[in-house]
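Next come the chains, spelled out residue by residue.
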Amino acid sequence: MTAARHVERKWAMRLRRGLRLGLVLALLGSVLAPLRGSPASAVTLPTGFQEQVVFSGLDQPTNLEFAPDGRVFVAEKGGRIKVYADLADPTPTVFADLSTNVHNQWDRGLLGLALPADFPANPWVYVLYTYDAPPGRTAPVWNDTCGDANNGRCLVTGRLSRLRASGDVMTGAEQVLISDWCQQYPSHSVGDLRFGADGMLYATAGDGASFSTTDYGQLGNPANPCGDPPGGTMTPPTAEGGALRAQDVRTSADPTGLDGTVLRLDPETGAAAPGNPAIGAGDPNTRRIVGYGTRNPFRFTIRPGTNEIWFGDVGWNTWEEVNRIVDPRARVTNFGWPCYEGAARMSSYDNANLNLCETLYTGAGQTAPYYTYHHSAAVVPGENCGSGGDAVSGLAFYPGSGGSYPAAYAGALFFADYSRGCIWAMRPSTPGGLPDPANLQAFGQAAAGPVDLAIGPGAELYYADLGGGTVRRIRYFPGNQPPTAVIQATPTSGPAPLDVTFDGTGSTDPDPADAGRLSYKWDFTSDGTVDATTPNATYRYPTAGSHTATLTVTDTLGVSASSTVTIQPGNGAPTALLDSPTVGTTWRVGDTLDFAGRATDPQQGTLPASALRWKLRMEHCESVGNCHTHQLQEWTGVASGSFVAPDHEYPSYLELELTATDGQGLSNTVVRRLDPRTVDLTFASNPPGLRLSVGATTGTAPFTRTVIVGSTNTVSAPSPQTVDGLAYSFTGWSDGGVATHVVTAPTTALTYTATYVGAAGCGTAPGYTCGTETGRPWVPADTVLPLAGDDAVTSVPLPFPVPFFGQTYRTAWVSGNGFVSFLDPGGPQPANSVLPAAGAPNAALYPFWDDLWVRADSSVRTAVTGTAPDRRFVVEWRNSGMYGSTSARISFEVVIAENGEIVFNYRDLNTSGRERGDSATVGIENPTGTVALPYSVNQPALVDGTSVVFRPTGSQPFVVARGARRSPLFPAR
């Protein structure tokens, strides 16, 4: 998933309001929940619903499965699978430990878990995990410590296996069914597993590509380490790597990879299931695929009574998707990533002009999502959910009948977002109908970081809290709801005798009739004796030991709930001391940062290194204070070490956490924030106002992005593009890069400018239209201006008021460099530019603006023809030379009509090169240099005998005199 959006990208996410830890967007998970459990109080649920914690103490649970015999299997991200005898079992058994093979870093880990419907008669447990080795190598290679895993060099693969169950433990060797899914970046890893009603095994996986840059196979050192065909460094338009792996099934000339796909498999062999739509293909992976074009399909479900696959696809920076494969046996469905995000084109990949996207845009297209929600908008108006950093992280269908929830939920699709901390219900609008996006309800608001949803025993919704290590159940009480017991105890440890103040006033009951009417019973020493019956109480523990204090609250109908807290008199908590990095330490990408710490304990003195546990995480923020968390790395039992500062988008920062735990289980945690060094990069276009892409965003230049020093940033200059009706083509970046290339952020601010030239041809601008005509006569001029040599300019009076872009002029400046300006240009201006441009000249006519030379056999002339109100003013450059050439000559002229029409005429042009305009600007521009109508810029587009005509909007061709007179120089046509 990750980050995020990286869902970029997003394994564990920190909610904006809660600062609760989770893992990031791409890899979220699910866990289980028992029938009996303690109430949880944070989530807001509809009337009659209540959340309960059923399992706790898990280490980053990622997936759960309810077995038909009542057992509950839970996968932990690090590679362990635990099994509970039932929902009331507080102590699980380790079914299998795959941690040696599992790569547990960033969003990678053991993510998928499935049981066949006839388990345990069919005694297989299926797992899908990130394998700790690059393609062709044997785990462990990285041992979960892959330097900067986001530098594009920490290559891993994916593995689908099955494990044989013998009672509550695995027996025999792991049976590997598929090894594939090359993953270059530490998110968008493998995804989910589930059995369909048809008995086939379904699996999903992400694209394994970068979640912070436009990745088409050009990244890494060496580039394209996954060896995506055709191999080597990828360049547009033929690139097929990076995120384009999700479209690989369309490139039949090379082997097909499984990244970014949905698979339908034979559970006995891992081969394509019978009846798959591409079962006749020659490539075995192509035969397995029933859906593709996905970024991070982290979780999916199957609609009861059908084989419909409904999956959540974690988006980049804009859209989260819920997608539907109606019949996986009917056709292979393309959901469009990375060419599309949501229902629209993904601009960063569109602007890279990649063949795999362009042919998708012009061909059959993609299957649009069933439902999308925008990162900056509420899913349901007025909800109490976060926004930004989104990661759709779990889906589950409620039964169509027979459930314990109200009838309105029959057939509803529950879906969760880990980053927002919310669960929604998309309910059918008609009985038996599909979930209706117009019938959405914010079901669980401010939930405990849900990463996977499941309907368990009692037809109740269960979800896993990845960061908190709990499994929770949401129950419905049609009548009286139980209360929630909440204890505050101060202190919970210290020297004996220990006086503890207990406060139970935070306990609540959702029934209005019970508000303020709860009764309280305290048992401070777990001996079954009621020690107090008031909301607040104090108790002295005289000697050292460990005690469980219990509060039981009861409502007016006799329904009770309890909560406990551990009190340890005679034992004080340790103190963790984080020595380095020091407060205020900053970093840039690739820096190696050393860390060191220690701990002291009132009873044990200096604690050994074995008592220390370190966690490094990345807080990735959509905006200030709105962050989600990527868990990057952990170290256990060490007092010091080092890590490499990762490549990542900004805003983001690192947090290094040290936890010290004493021999009695008391702990203390200290966290140090480590901010990155940043730099502002400005992206400009020449001319201004064109669209450029930087990473996931596209904007109108110029704009500035703050990035981390040393970070990798993909920039794209899409071409061609049209602005105000004018077409422009890209010619180059100021740093010498190609249209789409990688920029490594420097230490100081820098501007990157993309230069464009106008595509030759006429268009429109406010006040003028442009066209080309043949047959216009050449109008010779007879008055020679005092212009000679290089870079000469002179002013001339105009014979009549000349209207131009809404103003009227009586003076013009004529430059030997091929232009006429109605404002003083401040010199001859020999260097032509794109139009419009704020710099001089302005209010100008450019029949051939280039660096010209009025040689001995050249001249610049003027003439006036016709009579008022049909006069014309002519400026002719006769036989002009071109700077740098002694032989080249060119003749052209401007004819300005009294009604505002402007004509550029040309003669004696050769058939190619500079005389046809490949270093000249041709067009007109307004007085402020903000509006222009170019015909060509540095393009050999001029042709002998073809005139370029600019006509004021709404005017008629000026070919005859008003009245009956005609000019002999301009006969009627």
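All values reported here derive from a predicted model rather than from experimental measurement. Within every chain, residues take consecutive numbers counted from 1 along the sequence as written. Local features in this predicted model are restricted to residues whose pLDDT is 70 or higher, and side-chain atom pairs enter the listing and the counts only when it is 80 or higher, whereas totals over whole chains, interfaces and linings include all residues. Remark: hydrogens and water are excluded; side-chain values derive from all non-hydrogen atoms of the structure.

**Student:** Honestly, the overall build of the chain in this entry has me stumped. Any pointers?
**Tutor:** Strands here mean DSSP runs of E at least two residues long; helices mean DSSP runs of H or I at least four residues long; both are numbered from the N terminus. Counting its regular elements, the chain contains 3 helices and 71 strands. Residue exposure (1.4 Å probe, protein chains only): buried if accessible area is under 20% of the type maximum, exposed if over 50%, otherwise partly exposed. Across the 973 residues that make up the chain, the buried fraction comes to 58%. Accessible surface, the chain: about 33700 Å² in total, of which carbon and sulfur atoms supply 51%. Residues counted as positive are Lys and Arg, residues counted as negative are Asp and Glu, and His and the chain ends are not counted. Every charge is mapped to an atom, namely NZ of Lys, CZ of Arg, CG of Asp or CD of Glu. Averaging the locations of the 65 positively and 87 negatively charged side chains of the chain gives two centres separated by 5 Å. In these tables, accessible area is a Shrake-Rupley quantity obtained with a 1.4 Å probe, and a residue counts as shielded only by the protein chains included in the view.

**Student:** Help me out: how do you make sense of the state of the cysteines in this one?
**Tutor:** The bond known as a disulfide is covalent and runs between the sulfur atoms of two cysteines. The disulfide definition used here is simple: a pair of cysteine sulfur atoms within 2.5 Å. Counted according to the given criterion, the structure contains 5 disulfides. Put simply, C146 and C154 are joined by a disulfide, and their sulfur atoms are 1.9 Å apart. Handedness here is read from the sign of the S-S torsion; for C146 and C154, about 125°, the answer is right-handed. C154 sits in the buried class, given a relative accessible area of 1%. Across a sulfur-sulfur distance of 1.8 Å, C762 and C770 are joined as a disulfide pair.

**Student:** Would you mind showing me how to read the sheet that holds strand β13 (residues 190–195) here?
**Tutor:** Strands pair in a sheet through their backbones, by hydrogen bonds, and they do so in one of two ways: parallel or antiparallel. Should DSSP find at least two bridges between two strands, the strands are regarded as paired. In spatial order, the strands read β13-β14-β15-β16-β20; together these 5 strands make up an open sheet with mixed pairing. Here the strands that pair on one side only, and so sit at the sheet edges, are β13 and β20 (333–334). Bridge count between strand β16 (residues 289–292) and β20: 2 bridges; the pairing is parallel. Each residue of the ladder has a partner; that of Y292, found in β20, is N334.

**Student:** I keep staring at the nonpolar core and nothing clicks. Help me out?
**Tutor:** Within soluble globular proteins, side chains that are nonpolar generally end up buried alongside one another. In these notes, a set of buried Ala, Val, Leu, Ile, Met, Phe, Trp, Tyr and Cys residues joined through side-chain atoms within 4.5 Å is what counts as a nonpolar core. Among the nonpolar cores identified, the biggest contains 45 residues, and F822, L845, F904 and I924 are the most heavily contacted of them. Tallying contributions element by element places strand β60 (residues 793–804) first for this core, with 5 residues. Two residues form a contact once any of their heavy atoms are found within 4.5 Å. Here F822 is in contact with L798, V802, F804, Y809, T811, A812, W813, N842, A843, L845 and I896, once residues within four sequence places are set aside. Among the nonpolar cores identified, the runner-up in size contains 41 residues, and L193, L265, I289 and A442 belong to it.

**Student:** How do you make sense of the packing of aromatic side chains when you look at a structure like this?
**Tutor:** To describe a pair of aromatic rings, you give the distance between the ring centres and the angle between the ring planes. The aromatic pairing rule takes the rings of Phe, Tyr and Trp, using the six-membered ring of Trp, and pairs them if the centres are within 6.5 Å, calling planes under 30 degrees apart stacked, those over 60 edge-to-face and the rest tilted. Under the defined criterion, the tally for this structure stands at 55 aromatic pairs. Judged by centre distance (5.0 Å) and plane angle (35°), the ring pair of F524 and Y539 falls under tilted. Taken as a pair, F524 in the loop between β34 (519–523) and β35 (536–541) and Y539 in strand β35 lie far apart in primary sequence, 15 residues in all. Using a relative accessible area of 1% as the deciding quantity, one classes F524 as buried. Members of the aromatic cluster, each reached through a chain of ring pairs, are F49, Y398, Y405, Y409, F414, F443 and Y476. Whether a charge sits over a ring depends on NZ of Lys or CZ of Arg being within 6 Å of the ring centre and within 35 degrees of the ring normal. The ring of F298 has R299 sitting right over it, with the charged end atom 3.9 Å from the ring centre. Over the face of the ring belonging to Y409 we find R427, whose NZ or CZ atom lies 5.5 Å from the ring centre.

**Student:** What am I meant to see in the sheet that holds strand β36 (residues 547–554) here?
**Tutor:** Overall, mixed pairing links the 4 strands, which are arranged β32-β37-β36-β34 in an open sheet. Sheet topology places β32 (493–494) and β34 at the edges, where each strand pairs with a single neighbour.

**Student:** Is there a simple way to explain the pairing of strand β37 (residues 560–569) in this structure?
**Tutor:** Regular strands have side chains that alternate between both faces of the sheet. Sheet analysis places β32 next to β37, joined by 2 bridges and oriented parallel. Note on β37: the bridge partner recorded for S493 is Q568. In this sheet, β37 lies alongside β36 in antiparallel orientation, the contact comprising 8 bridges. If you follow T552 over to β37, its bridge partner there is S562. The antiparallel hairpin formed by β36 and β37 contains 5 residues in its connecting segment, where G558 sits at a positive phi of about 85°.

**Student:** Sorry if this is basic, but what is going on with the pattern of salt bridges here?
**Tutor:** When their charged atoms lie close together, side chains carrying opposite charge are able to pair. The working definition used for a salt bridge is a side-chain nitrogen of Lys or Arg within 4 Å of a carboxyl oxygen of Asp or Glu. Following the criterion strictly, the structure yields 40 salt bridges and no others. Of the charged contacts, one joins D228 and R245 as a salt bridge, the two residues approaching to 2.9 Å between their closest N and O atoms. Separated by 17 residues along the polypeptide, D228 in the loop between β14 (201–205) and β15 (261–265) and R245 in the loop between β14 and β15 bring together distant segments of the chain. By relative accessible area, D228 is classed as buried at 10%. Between E901 and R776 there is a salt bridge, and its shortest N-O distance comes to 3.5 Å. Pair noted here: E901 is in the loop between β67 (889–897) and β68 (902–907) and R776 is in the loop between β57 (768–774) and β58 (783–784), with a separation of 125 residues, a long-range link.

**Student:** Mind showing me how you'd approach the side chain of E915 here?
**Tutor:** Structurally, E915 is set in the loop between β68 and β69 (921–925). Not counting the four nearest positions on each side in its chain, E915 is found in contact with F848, M882, A888, R889, I890, D908, L909 and N910.

**Student:** Explanation requested: the pairing of β13 in the structure shown.
**Tutor:** A large share of β13 lies buried, amounting to 5 of its 6 residues. Relative to β14, β13 runs antiparallel, the two being bridged by 4 bridges. The residue bridging L193 from the neighbouring strand is A203, located in β14.

**Student:** Whenever I open this one, the environment of V894 confuses me. Can you help?
**Tutor:** Structurally, V894 is set in strand β67. As a C-alpha pair, V894 and R245 span 649 residues in sequence and 56 Å in three-dimensional space. If sequence neighbours within four positions are ignored, V894 has contacts with L845, P847, F873, V874, V875, W877, I902, V903 and F904.

**Student:** What should I look at first to understand unusual backbone geometry in this one?
**Tutor:** Glycine aside, the phi torsion of most residues is negative, and most peptide linkages are trans. P237 follows P236 through a cis peptide bond whose omega is 5°. Secondary-structure assignment places P237 in the loop between β14 and β15. Notably, N143 is not glycine yet its phi reads approximately 55°, a positive angle. On the secondary structure map, N143 appears in the loop between β10 (124–131) and β11 (156–166). Positive phi values are uncommon outside glycine, yet Q829 reaches one of about 50°. Within the secondary structure, Q829 is located in the loop between β62 (819–821) and β63 (844–849).

**Student:** It is not clear to me how the confidence of the model for the chain should be interpreted in this structure. Could you clarify?
**Tutor:** In regions of low pLDDT, the predicted coordinates are not meant to be interpreted in detail. Confidence per residue, as judged by the predictor, is encoded in pLDDT with a range of 0 to 100. Of the residues in the chain, 93% have a pLDDT of 70 or more, and the chain-wide mean is 90. In the model, residues 1–37 has pLDDT below 50 throughout and makes 316 contacts with residues more than four positions away in sequence or in other chains. The low-confidence segment residues 956–973 (pLDDT under 50) makes 39 contacts with residues lying over four places distant or belonging to another chain.

**Student:** What exactly am I supposed to notice about the environment of E76 here?
**Tutor:** Tracing the sequence through the fold places E76 in strand β6 (residues 72–76). For the pair formed by E76 and A281, sequence separation is 205 residues and the distance between their alpha carbons is 36 Å. Not counting chain neighbours up to four residues away, the residues in contact with E76 comprise L58, D59, Q60, P61, T62, K82 and L110. In terms of polar contacts, E76 uses its side chain to reach the side chain of K82, at 3.0 Å. Counted as a polar contact is a pair of N or O atoms within 3.5 Å, where, for protein atoms, one must be capable of donating a hydrogen and the other of accepting one, and residues adjacent in sequence contribute only when both atoms are in side chains.

**Student:** Would you mind showing me how to read helix α3 (residues 355–362) here?
**Tutor:** Because the α-helix completes a turn every 3.6 residues, residues three or four places apart line up on one side. Among the residues making up α3, those that are buried are L356, C357, L360 and Y361. Buried residues along α3 cover an arc of 130° about the axis, so they all sit on one side. Looking at the buried side of α3, the elements it contacts are β20, β21 (340–341), β22 (344–345) and α2 (347–350). What the arc covers is the set of directions going from the helix axis to the C-beta atoms.

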